[in-house]
Amino acid sequence: MTSALFSPLPLRSGQVLKNRIGKAAMEENMAGTGQLPDEQLFTLYRRWAAGGTGLLITGNVMVHAEALTGPAGVVLDEHAPLQPFTEWAQAAKSGGGAVWMQINHPGRQVASGMPGVVWGPTDIGVSLGRHSSRFGRPTAMTPQQIDDTVTRFAVTARRAEKAGFDGVEIHAAHGYLLSQFLSPLVNKRTDQWGGSLENRARMLLDIVRAVRACVSPSFAVAVKLNSADFQRGGFDADDARQVIGMLDPLGVDLVELSGGSYESPAMTGRPADERTRAREAYFLDLAKDLVTSSPLPLMLTGGITRRATAERVLDSGVAVVGMGTALAVTPDLPDRWRNHREADRQMRPVTWSDKALASAAGMAQVRHQMRRLARGRTTRPGTHPALALIAEQRKQRKALRGYRTWLSKSRGAA
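On a predicted model such as this, the values are computed, not experimentally measured, just so you know.

Attention shifts here to the overall build of the chain. Assigned secondary structure in the chain consists of 13 helices and 13 strands. Taking the principal axes of its C-alpha atoms as reference, the chain extends roughly 55 × 45 × 45 Å. Taking all 414 residues of the chain together, 62% fall into the buried category. Of all intrachain contacts in the chain linking residues separated by at least 6 positions in sequence, the fraction that spans at least 24 positions is 71%. Surface summary for the chain: the accessible area is close to 15,900 Å², and the carbon and sulfur share equals 49%. The distance from the centre of the 52 positive side-chain charges to the centre of the 38 negative ones in the chain is 7 Å.

Here is the structure:
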């Protein structure tokens, strides 16, 4: 019998995914000169494209050159040359799958040493105990800055389509800007963007409308949404259910469910309150509730590494199985599953007691695997997390010098 994993999925836009396996976004932080994709990213995505995945979603591409999640982030704004992005799209589509660009704004989740701006719905900073100083102190966005940011998302989406991408995914999860606006713990505004859930969702909905209005009907538009923030009093599953309903009439093709933020890194399997701790498919229980009422197809990401788990996710009614770390370690995992084989190796979660540090080390381990793939090498999931973290910090310091120079020159020329 053919597994449902390898059945096609038609979307509202008319796009058809060749199977139900999606590579979820992982922040590569591998931009080349000028914050542009280069041969490293092209090689990495060719590796994934050759592995049988039906949908590749890029790591987050930034819509605002002065607001990056990391100093080696890729930027696609009105000034960026399109040719590197065209090459990236071609590399990602070389295996016959679709490629969507995840587009994002970090809001307040910007490292304290970064140049540029640190914005949020209010001036409430990231709370990480003794690690809180790692992030800059945000300023509350003005109405004009909100409107300008809506426009930036639309510009990036339009240019992504022009470069040859098949769709975009608007990032409204993991504590980034749109997730901050959705959160009642962070968004304490008293104007039209604060208070009720309808007001807190306004910026996301305006972005979806603006994007849908400036791209072709056949271009896919997706949203990444937290199933919950895993913080008491924060954005929860009932909020997610309502937001999915708000997205339904706006031409959205798919909603990807994840969870958590830097303050509660549930996406790594370690939420702050430990209420939803699972070894695999971290958010499946929440997704099971949401899928019964969702008018849109859902993609579930978080902790999926085995075919049996993936099939259990599909059996729940979820339309697409999303994987990140598993594909960073084994880029041909979908083809292996098709041939009834599993991964030879898996990356163990970092279980340090300091969850913020463990989350950073876990992400460093994943980036270490991606960089090896980008250099044409095999992965080494056994690399010690402390060594991966130290190497990552060195790379980030070097990238920060390059970003500062580039930003200074580009702003001077603007």
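A few words on the pairing of strand β11 (residues 254–258). Looking along a regular strand, one sees the side chains alternate between the two faces of the sheet. Taken across its five residues, β11 has five buried, putting it largely inside the fold. Residues of β11 alternate between two faces, with Leu254, Glu256 and Ser258 on one and Val255 and Leu257 on the opposite face, all of them buried.

Here the phi dihedral of Asn29 falls at roughly 50°; this positive angle occurs in a residue that is not glycine. Within the secondary structure, Asn29 sits in the loop between β3 (21–23) and α1 (39–49). Positive phi is not limited to glycine here, since His174 has a value of about 60°.

On to the pattern of salt bridges, then. A complete count under the given rule lists 15 salt bridges for this structure. Asp166 is the salt-bridge partner of Lys93, the closest N and O atoms lying 3.6 Å from each other. Of the two residues, Lys93 is situated in the loop between α2 (83–92) and β6 (98–104) and Asp166 in the loop between α3 (143–163) and β9 (167–172); the sequence distance between them amounts to 73 residues. Across the pair Asp206 and Arg209 runs a salt bridge, and its minimum N-O distance is 3.0 Å. On the criterion of helical spacing, the pair formed by Asp206 and Arg209 is a turn pair, its members being three residues apart in helix α6 (residues 202–214).

With that out of the way, let us pick up helix α9 (residues 307–315). Among the residues of α9, those classed as buried are Arg307, Thr309, Ala310, Val313 and Leu314. Summarising the axial view, the buried residues of α9 lie within an arc of 160°, below the 170-degree limit, and thus occupy one face. Looking at the buried side of α9, the elements it contacts are α8 (284–291), β12 (298–301), β13 (320–323) and α11 (333–338).

A separate point is the side chain of Arg200. By the secondary structure assignment, Arg200 is in helix α5 (residues 197–200). A distance of 3.1 Å separates a polar side-chain atom of Arg200 from the backbone oxygen of Gly195. Beyond its immediate stretch of four places on either side in the chain, Arg200 contacts Phe181, Leu182, Ser183, Pro184, Asn187, Trp193, Gly194 and Gly195.

To continue, consider the packing of helix α7 (residues 237–247) against α8. Relative orientation of the contacting elements α7 and α8 amounts to 40°, with a least axis distance of 10 Å. The pairing of α7 with α8 is recorded here as oblique in orientation. For the pair α7 and α8, the crossing hand works out as right-handed. Mapping the contact onto sequence places Ala237, Ala240 and Arg241 in α7 and Leu286, Asp289 and Leu290 in α8. Classifying every residue of the contact of α7 with α8 by side-chain character gives four nonpolar, no polar and two charged.

Phe85, Ile170, Met203, Leu204 and Leu247 are the most contacted members of the largest nonpolar core, which totals 98 residues. Contact partners of Phe85, with chain neighbours within four places excluded, come to Leu36, Pro37, Val74, Val75, Leu76, Ala80, Met101, Ala163 and Phe165. Of all hydrophobic cores here, the second largest spans 15 residues; its members include Leu9, Ala25, Ala98 and Ala220.

Here we come to the environment of Ala92. Locating Ala92 in the fold gives a position in helix α2. Sequence separation between Ala92 and Ile21 is 71 residues; the distance between their C-alpha atoms is 15 Å. Residue contacts for Ala92: discarding those within four places in its chain leaves Tyr45, Ala49, Leu56 and Val99.

Enumeration over the complete set of coordinates arrives at five aromatic pairs. With a centroid separation of 5.0 Å and an interplanar angle of 80°, the aromatic rings of Tyr45 and Trp48 are classed as edge-to-face. Here the residue Tyr45 and the residue Trp48 both occupy positions in helix α1, the gap between them amounting to three residues, near one helical turn. Accessibility assignment for this pair places Tyr45 and Trp48 in one class, buried. Taken together, the ring pairs connect Tyr45, Trp48, Phe85, Trp88 and Phe165 into an aromatic cluster. One Lys or Arg, Lys23, reaches over the ring of Trp48 and ends 4.6 Å from the middle of that ring.

Structurally, Leu55 can be placed in strand β4 (residues 55–57). With 161 residues separating them along the chain, Leu55 and Ser216 place their C-alpha atoms 19 Å apart. With sequence-adjacent residues up to four places away left out, Leu55 is seen in contact with Leu17, Ile21, Gly22, Lys23, Ala98 and Trp100.

Here the focus is α7. All of the buried residues along α7 are Ala237, Asp239, Ala240, Val243, Ile244, Met246 and Leu247. The arc that holds every buried residue of α7, seen down its axis, measures 165°, which confines them to one face. Where α7 starts, the residue carrying a side-chain oxygen 3.2 Å from the main-chain nitrogen of Asp238 turns out to be Asp236.

The rules behind these values
Residues numbered from 1 in each chain as written. Predicted model: local features only at pLDDT ≥ 70, side-chain atom pairs only at ≥ 80, totals over all residues. Heavy atoms only, no water. Helix = DSSP H or I, 4+ residues; strand = E, 2+ residues; numbered from the N terminus. Buried < 20%, exposed > 50% of the residue type's maximum accessible area, 1.4 Å probe, protein only. Contact = heavy atoms within 4.5 Å. Areas by Shrake-Rupley, 256 points an atom, 1.4 Å probe, with all protein chains shown as cover. Lys, Arg positive; Asp, Glu negative; His and termini not counted. Charge placed at Lys NZ, Arg CZ, Asp CG, Glu CD. Salt bridge = Lys/Arg side-chain N within 4 Å of Asp/Glu carboxyl O. Arc of directions from axis to C-beta. Polar contact = N/O pair within 3.5 Å; in protein donor to acceptor, adjacent residues only side chain to side chain. Axes fitted to C-alpha atoms, helices over the stretch in contact; angles between N-to-C directions. Parallel < 35°, antiparallel > 145°, perpendicular 65-115°, else oblique. Left-handed = near helix turned anticlockwise from the far one by under 90°. Nonpolar A, V, L, I, M, F, W, Y, C, P; charged D, E, K, R; others polar. Core = buried A, V, L, I, M, F, W, Y, C linked by side-chain atoms within 4.5 Å. Phe/Tyr/Trp six-rings, centres within 6.5 Å; stacked < 30°, edge-to-face > 60°. Lys NZ or Arg CZ within 6 Å of the ring centre and 35° of its normal.

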